[in-house]
Amino acid sequence: MSAAHLHLSVALDGAGWHPAAWRDPAASPKDLFTAAYWAGLVAEAEQGRLDFVTIEDTVALQTSRLDGPDGRTDQVRGRFDAVLLASRIAPLSRSIGLVPTVTTTHTEPFHVASSLATLDYVSGGRAGWRVQLSGRRSEAAHFGRREVPELGPAQAVALEDYAIYHELFGEAGDVVEVVRRLWDSWEDDAVIRDVATGRFVDREKLHYVDYEGPHFSVRGPSIVPRPPQGQPLVTALAHSRLPYEFAARGVDVEYITPHDADQARAIVAEIREIGGVQPKVFADLVVFLDETQQAAEERRARLDELDGAAYASDAKIFAGTPEQLADLLLDWRETGLEGYRLRPAVLPTDLNAITRTLVPELRRRGAFRDGYEAGTLRGHLGLARPASRYAGSTR
Amino acid sequence: MKQVILAAHFPGVNNQTVWSDPASGSQIDFSSFVHLARAAERGRFDFFFLADGQRLREQRGRIHDLDVVGRPDSLTVLAGLAAVTDHLGLAGTINATFNEPYELARKLATLDHLSGGRAGWNVVTSSDAFTGENFRRGGYLDYSERYARAAEFVRTVRELWDSWKAEDLVADPATGFFASANAGEFAHHGTFFDIEGRFNVPRAPQGHPLTIQAGDSDEGREFAAAHADAIFSRHGTLEDGKVFYRDVKARVVANGRSPDSLKVLPGVTFALGDTDAEAQENADHVRRQQVSPQTAILLLEQVWNRDLSSYDPEGPLPEIDPLVSEEESISRGRTRLTRDPLETAARWRALAEEKRLGIRDLIIEVTGRQSFIGSPGTVAEQINAFVQEDAADGFILVPHLVPAGLDEFVDRVVPLLQERGVLRTEYGTSTLRGHLGLEGGA
Ligand SMILES: Cc1cc2nc3c(=O)[nH]c(=O)nc-3n(C[C@H](O)[C@H](O)[C@H](O)COP(=O)(O)O)c2cc1C
């Protein structure tokens, strides 16, 4: 793998990231709740030889408000469990990484580890995890297990100002740690099938993880043998200091949301200064791609009008040609970014533009590989398969 | 004539699964699941079935290493299987104690969408503190509260499934109306769950994915009679099966339901051969594979509740009596072999004496003889007879080999059931409820 090559991934969500995307003539809103729709998108991403797709998820209905339902009838509402969706698509794809979103706040760490390890088996080593936490009151009310205070007004909030977010990111870091321990809790050669002694496993190679923290404890070992990648890829979106620090505890790929090259440079520097595991840093961008910049901007304006508001995002919104986007990606790369997670504004339109125009353009510039060079998601990212942390240990 | 319902149980973490045979494949590779599911679909089975256990089993305080160890997350593997099968129902065992309704309702509704209405859920209620050590809540649940929680769990999950009506999802770009303003609204304020808000998966193709129950106590049977669509039982012999069948169907009627609305499905094993005699030989061979000398001692320990590692597997039963203790069990993470160890020990001693059996031969004799042994014709005849005589509505077949353990049954027994007109030759229905002839099916 050439160091000059960018990593490219795509974030799949509903009909696309613009809230009115489902009303675009190219969209197929009636198919959103079919497996075929998602399989088609992933096949397209795989045609473009992208490293992976992420799949969004939440434990609440989508809303345009900061918290709680908004009563709107004109935007996409409802979504599938992302791990199951990824697993449903896995047998229909061969090489592309599948990275579902799973929250750490209301789930059982033990189940999270099992389900992602299983996805790694179903996909033959292509599983990843987009770690997310769920700090909203409306989400907590769906589980009734913890108290979450109300947040302040939308724009005024800095995560760092809220004690609850310190708690939730701390917990998320603990969940990642315990999930990683569970993935390592079976050594690779634990299954021995030794007929002479009647033993199926060598129990010296199965390990209790014995995690005890302020929020939960887990004994282990995992019920699932060590996944094909050893450690499926762990990724997270981060906007500020608290999540940067969380990512430094154990994330492989960190998505950031700079709006220009200077911001990108500053964020990468901050992440490097925090130290820790040194994740690969990708930038997120919402993309409208057309043959001319004018066409892309008009499409964006049309959707904004349909939605009744200008679409705002945590990430920069790019509207232009694939060539212009290629310029931007290569320009920002100089700041230390290793790849991008592109959020297509409309599906499949902007995904097709990525795979059919942007990717060939990047190849022409020597910035993207021609084909897959590895069989696993870690492999696509140039990450080795790690040995179990317990290998050789007697615990 | 009643139709025979058939389900395929993936051979898993128990001593029925023979891993020492050269034909035994991976218990975890996805290809093994695909092989068994495709065989079941070729045989026009109603559904594929996965058992569950959320803690590796232990014996004498150490991880039990004599049986298959390791399994996948049920629903994740079933979602993958939905991609490689077209009609087969996909049912997973999921614990009501170590899950939350919102999350599980979403997962089951998602699986139902992704499979076009083929999802099923076997509700189990284990609550031991041993398993609880892997979970946030720990082992807090009292035995007596398990079914109370499970019943409220099932009720709550169904409220969530019902929170989206079919007509709530419109997705019409012409009018700009995607979904009703109150789609997914729910509020459940109960003893175990106090939750409210919006459910976020549109109504599933089956409305309510199939609910199965496995549990044998009085409370377990009542729970099934009140809430379940099918019951997975241990009563797989003709006489025992009839008694259980009558008992459960009477409870269903007492709950104001039609007796046909709950299907009785014993878990059964089988051994085939060209002739009945050859089948018996095969059965004996498999039994010896299942009960290795080490396994014989271990199963004995589960009844005796003592360390018997110094006993000779070919020698006589221990003279010492079982240790009777409610709290301390030598084996953890599995269902008990007996509720009355002293009575069981007395019975086994008498049998060992009468037939002059050593420990291993006795264990082979008293545990898990195959339910159906014979030529394909004999087995087809027996299966059909059990169903027509109301010992069952069908069976959950537990093969002893991964991944090919069902192949011979599908190739040789299934055509005979089809000839008798008691098993479909083509799927005429598309959903799991539809296959079972249940309300809400298609
Ligand atoms: C045929 C059968 C299969 C079962 N399979 C499982 C299983 O796969 N996983 C599990 O945790 N419990 C399983 N159980 C256990 C039951 O859910 C239940 O917890 C146990 O039988 C005790 O409940 P009871 O007192 O009603 O019998 C099974 C029980 C039966 C009868």
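How each quantity is defined
- Residues numbered from 1 in each chain as written.
- Chains lettered and ligands numbered in written order.
- Predicted model: local features only at pLDDT ≥ 70, side-chain atom pairs only at ≥ 80, totals over all residues.
- Heavy atoms only, no water.
- Helix = DSSP H or I, 4+ residues; strand = E, 2+ residues; numbered from the N terminus.
- Buried < 20%, exposed > 50% of the residue type's maximum accessible area, 1.4 Å probe, protein only.
- Contact = heavy atoms within 4.5 Å.
- Areas by Shrake-Rupley, 256 points an atom, 1.4 Å probe, with all protein chains shown as cover.
- Polar contact = N/O pair within 3.5 Å; in protein donor to acceptor, adjacent residues only side chain to side chain.
- Pairing = 2+ DSSP bridges.
- Buried area = accessible area lost by both parts, 1.4 Å probe.
- Salt bridge = Lys/Arg side-chain N within 4 Å of Asp/Glu carboxyl O.
- Nonpolar A, V, L, I, M, F, W, Y, C, P; charged D, E, K, R; others polar.
- Axes fitted to C-alpha atoms, helices over the stretch in contact; angles between N-to-C directions.
- Parallel < 35°, antiparallel > 145°, perpendicular 65-115°, else oblique.
- Left-handed = near helix turned anticlockwise from the far one by under 90°.
- UniProt positions renumbered as here; feature names shortened; annotations may be inferred.
- pLDDT = per-residue confidence, 0-100.
- Near = heavy atom within 4 Å.

A. Examining the overall build of chain A more closely. Secondary structure assignment for chain A yields eleven helices and 13 strands. In terms of its C-alpha atoms, chain A occupies a principal-axis envelope of roughly 70 × 50 × 45 Å. Looking at chain A as a whole, 63% of its 395 residues are labelled buried. Across chain A, the fraction of contacts at a sequence separation of at least 24, relative to all contacts at a separation of at least 6, is 77%. Surface accessibility of chain A: about 13,700 Å² in total, with carbon and sulfur atoms responsible for 48%.

B. Spotlight on helix H2 (residues 82–89) of chain A. Residues and elements named next belong to chain A. The buried fraction of H2 is high, at eight of eight residues. Listed as buried for H2 are Ala-82, Val-83, Leu-84, Leu-85, Ala-86, Ser-87, Arg-88 and Ile-89. Two or three places before Val-83, at the start of H2, stands the capping residue Asp-81, its side-chain oxygen 3.2 Å from that residue's backbone nitrogen.

C. Layout of the sheet that holds strand E4 (residues 62–63) of chain B. Residues and elements named next belong to chain B. Pairing within the open sheet is antiparallel, and its three strands lie in the order E4-E3-E15. A single partner strand is all that each edge strand has here, and the edge strands are E4 and strand E15 (331–332). Where strand E3 (residues 58–59) and E15 come together, two bridges link them in antiparallel fashion. By the bridge assignment, Glu-58 is partnered in E15 with Arg-332.

D. Structural detail: the interface of chain A and chain B. The interface is formed by 79 residues belonging to chain A together with 73 residues belonging to chain B. Both faces combined, the contact of chain A with chain B buries some 6,400 Å², and carbon together with sulfur accounts for 59% of it. When the buried area of chain A at its contact with chain B is split by residue, Leu-84, Arg-203 and Ile-223 of chain A rank highest and sum to 11% of it. Run the count over chain A and chain B and you get seven salt bridges. Between Glu-171 of chain A and Arg-136 of chain B there is a salt bridge whose closest N-O contact spans 2.7 Å. Between the two partners, chain A and chain B, sit 36 residue pairs in polar contact (both at pLDDT 80 or more). Elements with a minimum of two residues in the side of chain A that touches chain B: H2, helix H3 (109–122), helix H5 (163–184), strand E5 (191–194), strand E6 (199–201) and strand E8 (217–218) of chain A. Considering every element that reaches the side of chain A that touches chain B, the biggest residue donor is H3 of chain A, with nine residues. In the side of chain A that touches chain B, the residues fall into 38 nonpolar, 22 polar and 19 charged.

E. Region of the structure containing the packing of H3 of chain A against H5 of chain A. Residues and elements named next belong to chain A. With their axes 9 Å apart at the nearest point, H3 and H5 run at an angle of 50 degrees to one another. Considering their axes alone, H3 and H5 lie oblique with respect to each other. Handedness of the H3/H5 crossing: right-handed. Here H3 contributes Pro-109, Phe-110, Val-112, Ala-113, Leu-116 and Ala-117 to the contact with H5, which in turn contributes Val-175, Val-178, Val-179, Leu-182 and Trp-183. A class-by-class count of the residues in the contact of H3 with H5 yields eleven nonpolar, no polar and no charged.

F. Structural context of the pattern of salt bridges. Residues and elements named next belong to chain A. Counted according to the given criterion, the structure contains 69 salt bridges over all chains. Notably, a salt bridge pairs Arg-249 with Asp-174, separated by 3.0 Å at the nearest N-O pair. Taken as a pair, Arg-249 in the loop between helix H6 (241–248) and strand E10 (253–256) and Asp-174 in helix H5 lie far apart in primary sequence, 75 residues in all. Between Asp-370 and Arg-363 there is a salt bridge; the shortest N-O distance is 3.7 Å.

G. Highlighting the UniProt feature "binding site: FMN" (unreviewed entry) in chain B. Residue and element names in this part refer to chain B. This chain's UniProt record puts "binding site: FMN" (unreviewed entry) on Asp-52, Thr-93, Tyr-147 and Ser-217. Mapped onto the elements of the fold, Asp-52 is located in the loop between strand E2 (47–50) and E3. If near-sequence neighbours (up to four positions away) are discounted, Asp-52 is found in contact with Arg-71, Ser-74 and Thr-93. Of note is the side chain of Asp-52, whose polar atom sits 2.9 Å from the side chain of Gln-54. Turning to its location among the elements, Tyr-147 is positioned in helix H5 (residues 146–162).

H. Representation of the pairing of strand E4 (residues 128–132) of chain A within the structure. All names here are of chain A. Of all five residues in E4, five are buried; the element is thus mostly enclosed. Judged by which residues are buried, E4 turns out to be covered on both faces: Gly-128, Arg-130 and Gln-132 on one side and Trp-129 and Val-131 on the other are all buried. Across four bridges, E4 lies against strand E9 (residues 233–237) in parallel orientation. Residue pairing across strands places Trp-129 opposite Val-234, the latter belonging to E9.

I. Examining the confidence of the model for chain B more closely. Residues at a pLDDT of 70 or more form 99% of chain B, whose mean pLDDT is 94. In the predicted complex, the global pTM is 0.96; the interface-specific ipTM is 0.97.

J. Representation of helix H2 (residues 74–82) of chain B. Within H2 of chain B, nine of the nine residues are buried, which leaves the element mostly enclosed by the surrounding structure. When H2 of chain B is considered as a whole, its buried residues turn out to be Ser-74, Leu-75, Thr-76, Val-77, Leu-78, Ala-79, Gly-80, Leu-81 and Ala-82 of chain B. In the core, the buried residues of H2 of chain B are packed alongside H2 and H3 of chain A together with helix H1 (30–42), E2, strand E5 (89–95) and helix H3 (101–114) of chain B.

K. Fine view of the site of the ligand. All names here are of chain B. Residues in close proximity to the ligand total 19 residues, the closest being Asp-52, Tyr-147, Ala-214, Asp-216 and Ser-217. With respect to the ligand, the side chain of Thr-125 contributes an N or O atom lying 3.4 Å from an oxygen atom. Here an oxygen atom of the ligand sits 2.6 Å away from a polar atom, N or O, in the side chain of Tyr-147. For the ligand, the accessible surface in isolation is 610 Å², of which the surrounding protein chains cover 87%. Of all the secondary structure elements, the ones that give two or more residues to the shell around the ligand are H5 and strand E12 (230–233).

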